[in-house]
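Summary of the model geometry
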Amino acid sequence: MARWCYRHRLVVLLLWVGALFGLGFSATTAGTDYANVFSLPDTDSKSAYDLMQKAFPNSSGDTDTVVWKVDSGSVKDQSVQTRIQPVLDRIAGMKGVGEVTGPYSGARGAAQISSDGTIAYAQITFAEQANAVPKELVQKVVDTAQGAKRDGLHVELGGQAVQRVEEPPGGIAEGVGILAAAVVLFLAFGSFYAALLPIGIAIFGVGTGLFSTQLLSHATDIPDLAPLLATLIGLGVGIDYALFIVTRHRRGLQRGMDPEESAVVALNTSGRAVLFAGGTVCIALAGMLVTQLRFLDGVVIGTSLTVVLSVLAATTLLPALLGFLGPRVLSRKQRRKLENGPEPERTDNLAVRWSAAVQKRPRRIAAFALVVMAVLAFPVLSLRLGATDQGNDNASTTTRKAYDLLADGFGPGFNGPLQVVTSSGDTTTLVKGIEATKDVARVAALPPTGGVTVIQVVPKTSPQSVETDDLIDTLRDKVIPEAGATGHVGGVTAISKDFASVTGDRLPLFVATIIGLSFLLLLLAFRSLVVPLTAALMNLIAAAASFGVLVAIFQWGWGLDMLGLGKEGPINAFLPVIMLSLLFGLSMDYQVFLVSRMHEEWVHTKDNARAVRVGLAETSRVINSAALIMVCVFLAFVLSGNTGAATAGVGLAAAVALDAFILRTALVPAAMHLLGNSNWWLPAWLDKSLPHLAVEPAEEPVQAVVEGPASAVHGFVRTADGEPVEGASVTLRTTGGRELDRVESLADGSYIVSVPAPGTYLLATTAPSYGSTARQVSVTDGPLIYDVELAEGGVDAVN
């Protein structure tokens, strides 16, 4: 497939360009139809909402607030009323607004003015829930209300619908992330064209994914959170997948390979790893389905589709673009060097030295890495799921200002009132019971409608406090039953509590599902039981450490001011499900790329120490570069203005950094050195029953030989000082790893291995106390003289 795409590059490019613009035109013409269908069946807050919707169809929608404050005098002054009341009347007449309840009329008006008379509020009840209210309507309400401002009169608005229009325009975070990724790529490659390739692949993958998701929103329920998360994950994996393939291609060119053959080899090795890595990401994303939180189904569709299209772009469009660029994927300096012949393998770079250090001190490095991850994971013991509200917004937003004004004027619990909805029983007794309950500030029963009574309960504590959660439990388990009433506790605060409980209950099944499915895929890929177990354990460690960082920043407030992300609070309940899906998928990416190179070397040499050392030396630099790109992309989503996206961005950036810089380049290779050959253990009966889905390309067949060897490879094994090495093991293998001949060097260091037929083979040499080496040798019709040099304690990073 890679060769066809390379040779028919113009056709492939035109097909992708046509797909991108065709989908873009169709999606733009059709528009969006995102639906935030949020439902928590079999919960008390859902029962309360259903009753309210039945009895109060125009009052069951989102309730937002207009708050105003005077610097002097009272909000009851005629000059204030004549500015505010006409504004409220205009808002009440807007289509889509069910009701406006102000402080200047009605029996309850006086309760909407603070005791000192300086703060008042009006409630705007929309006909729909916040996620269904058109943004144009909300923006019109905001502009109308804030038009009443003047010197000494402050007007702010709060509520979920208002919060949605406060978010900055989309595209800023994505643009900053792409720009940062481009800088990192240029520094890594030193070539403008090579740096553009991963960016281009990511744009095609994310673009076609987003347009397809937008079209699918007309056929199924997809929340408006899905495009944001799809962009987040699509940019990361799209750039990374192309980066791995381009790096392998550039290495082939530097070794003197023809551009077409180099591209084919890159796709047939790293491209296979990309397919498996993309599969693990999709499996991790699909794990969200087991939570049975239906609003996540659309997130799975959008993100998985974007990942699939990013993989498709990396494996078809990328080889076509490599065909257009040819050797220009190398820098000018590298191309000039290549004119004098292939570059020799470097054995003195930082990655090689680090790989040797891990092999020499695996216990010490593993212990240090575990201590670092344990310290970072410690805060996770304080993890508290909940929901952020306007009190966590940036201090400059109107929602945060309105929140603070209401808390100052009416108490901290006013921003999270509870709604006790009852359809039978003695309401008077229930109201008295609620009033006598600890941590209740105010109680007000609304007139019954259709046999349903709503009792507004204002707690003394803030919506995010533990005491408010305890109050909800007390009302449900004790107060309502003791009053002999049939009732349910609803409201935004109760919904948030129920969502956190449901998520917490289903989280173990979710984690077990994605770990189990990823285990099976890695088992098929690497024919090992230990490698998937190691990967699962490392993913759990990475998840614990990343959530520890989240707790320290967003729950404890460390560094929040520096990030400009408002005030500390509980971790959003939906975040663990989404973040763990993305984290497990991305972590498995690095595991696949790292171990696939180790497995490739293991198949060739059957030397675990060499396989781990070479795999780490050749992949650590590109893995760290890929991780740095992802960190830049994810941190850019702090600029999105969406608290959930910003939290997920910071958490994923921390997770990727810890995973790549500590786990995959230190703990995983150290553990694999300690485990030895058992890394690749698989029972024979299981090996026979499993289907073969190899990450490596199929081994090339060896020509049959009728009689005698066609030729031989002979020479001497010596040290760097020219001293002969006796007893060195010299093995001739096919390029696919099959052993053809094995001998030991004599006292003078000489050796000779037989060759079955002319061709290219792998000559591997190893000796105690010396570094092993492996080189490809080309044998023609006659014997080949090939001397091998071994350095004491040396390290050899070869293909």
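Just so it is clear, the model here is predicted, and its values are computed rather than measured. (Residues numbered from 1 in each chain as written. Predicted model: local features only at pLDDT ≥ 70, side-chain atom pairs only at ≥ 80, totals over all residues. Heavy atoms only, no water.)

The next thing to look at is the sheet that holds strand S1 (residues 63-70). Ordered in space as S2-S3-S1-S4, the four strands form an open sheet in which the pairing is antiparallel. Two strands bound the open sheet, and with one partner strand each, they are strand S2 (97-101) and strand S4 (153-158). For this sheet the average axis-to-axis angle between neighbouring strands, irrespective of direction, equals 20°. Across four bridges, the pairing between S2 and strand S3 (residues 119-126) is antiparallel. Pairing of Val97 across the sheet is with Phe126, part of S3. Across the sheet, helix H5 (residues 135-146) lies against S1, S2, S3 and S4, angled at about 165° from S4, the strand it touches most. Relative to S4, helix H15 (residues 398-410) is tilted by about 105°, and along the sheet it contacts S1, S3 and S4. (Pairing = 2+ DSSP bridges. Helix = DSSP H or I, 4+ residues; strand = E, 2+ residues; numbered from the N terminus. Axes fitted to C-alpha atoms, helices over the stretch in contact; angles between N-to-C directions. Contact = heavy atoms within 4.5 Å.)

A grouping of Arg332, Lys333, Arg336 and Lys337 is seen on the molecular surface, where their side chains present a positively charged patch. With respect to the secondary-structure elements, Arg336 resides in helix H12 (residues 332-338). What makes Arg336 exposed here is its relative accessible area of 51%. (Patch = residues over 30% accessible without salt bridge, like charges linked within 9 Å, V, L, I, M, F, W, Y side chains within 5 Å. Areas by Shrake-Rupley, 256 points an atom, 1.4 Å probe, with all protein chains shown as cover. Salt bridge = Lys/Arg side-chain N within 4 Å of Asp/Glu carboxyl O. Lys, Arg positive; Asp, Glu negative; His and termini not counted. Charge placed at Lys NZ, Arg CZ, Asp CG, Glu CD. Buried < 20%, exposed > 50% of the residue type's maximum accessible area, 1.4 Å probe, protein only.)

Reading across the sheet, the four strands line up as S7-S8-S6-S9 and stay open at both edges, with antiparallel pairing between neighbours. Each of the sheet's edge strands pairs with one partner strand only, and the pair in question is strand S7 (440-445) and strand S9 (486-490). Strand after strand, the sheet turns through a mean of 20° between neighbouring axes, direction not considered. Sheet topology note: the strand S6 (residues 418-424)/strand S8 (residues 453-459) ladder contains five bridges and is antiparallel. In the strand pairing of S8, Leu418 is matched with Val457. Across the sheet, helix H17 (residues 466-482) is in contact with S6, S7, S8 and S9; its angle to S9 comes to roughly 175°.

It is worth spelling out unusual backbone geometry at this point. Not every positive phi belongs to a glycine, and Asp439 is a case in point at roughly 70°. Its place among the elements puts Asp439 in the loop between helix H16 (427-435) and S7. Although it is not a glycine, Arg527 sits at a positive phi angle of roughly 50°.

Next up on the list: the packing of aromatic side chains. The geometry of an aromatic ring pair comes down to the distance between the two centres and the angle between the two planes. Applying the stated rule across the entire model yields eight aromatic pairs. When the ring of Trp16 is compared with that of Phe204, the centres are 6.3 Å apart and the planes differ by 85°; the resulting orientation is edge-to-face. Of the two residues, Trp16 is situated in helix H2 (residues 9-30) and Phe204 in helix H8 (residues 192-216); the sequence distance between them amounts to 188 residues. Phe204 sits in the buried class, given a relative accessible area of 15%. Three or more aromatic residues joined by ring pairs form one cluster here, namely Tyr121, Phe410 and Phe414. (Phe/Tyr/Trp six-rings, centres within 6.5 Å; stacked < 30°, edge-to-face > 60°.)

Let us now look at a nonpolar patch on the surface. Judged by side-chain polarity, Leu179, Val183, Phe186, Leu187, Phe192, Tyr193 and Leu196 come together as a nonpolar surface patch covering roughly 740 Å² of accessible area. Put simply, the parts of the chain that give the nonpolar patch at least two residues each are helix H7 (172-189) and H8. Looking at which element gives the most residues to the nonpolar patch, the answer is H7, with four residues. Relative to the helices and strands, Phe186 is located in helix H7. Here Phe186 falls in the partly exposed class, since its relative accessible area comes to 42%.

Where S6 meets S9, five bridges bridge the pair, whose relative direction is antiparallel. When the sheet's bridge partners are listed, Thr422 is paired in S9 with Gly487.

Averaged over the protein chain, the pLDDT score is 84; the fraction of residues at 70 or greater is 92%. In this model, residues 699-709 is a region of pLDDT below 50 whose contacts with residues beyond four sequence positions or in other chains number 11 contacts. Confidence drops under a pLDDT of 50 for residues 795-799, and excluding neighbours within four residues, the segment shows 32 contacts in the predicted structure. (pLDDT = per-residue confidence, 0-100.)

Turning our attention to the packing of helix H18 (residues 492-526) against helix H21 (residues 575-605). Two numbers describe how H18 lies on H21: the axes approach to 11 Å, and their chain directions differ by 15°. Comparing the axis directions of H18 and H21 gives the class roughly parallel. Two packed elements cross with a definite hand, and for H18 against H21 that hand is right-handed. Where H18 abuts H21, its residues Thr503, Leu507, Phe510, Val511, Ile514, Ile515, Ser518, Leu522, Ala525 and Phe526 lie against Pro576, Val577, Leu580, Ser581, Phe584, Met588, Gln591, Val592, Val595, Ser596 and His599. Residue composition of the contact of H18 with H21, by class: 15 nonpolar, six polar and no charged. (Parallel < 35°, antiparallel > 145°, perpendicular 65-115°, else oblique. Left-handed = near helix turned anticlockwise from the far one by under 90°. Nonpolar A, V, L, I, M, F, W, Y, C, P; charged D, E, K, R; others polar.)

Counting residues in each nonpolar core, the largest one holds 150 residues, and the members touching the most others are Tyr241, Met288, Leu580, Tyr590 and Phe634. With 18 residues, the top contributor of residues to this core is helix H23 (residues 643-675). Setting aside its immediate chain neighbours within four residues, Met288 contacts Leu296, Val299, Val300, Phe510, Val577, Ile578 and Ser581. One finds Ile84, Val87, Val133 and Val138 within the second-largest nonpolar core, a separate group that totals 30 residues. (Core = buried A, V, L, I, M, F, W, Y, C linked by side-chain atoms within 4.5 Å.)

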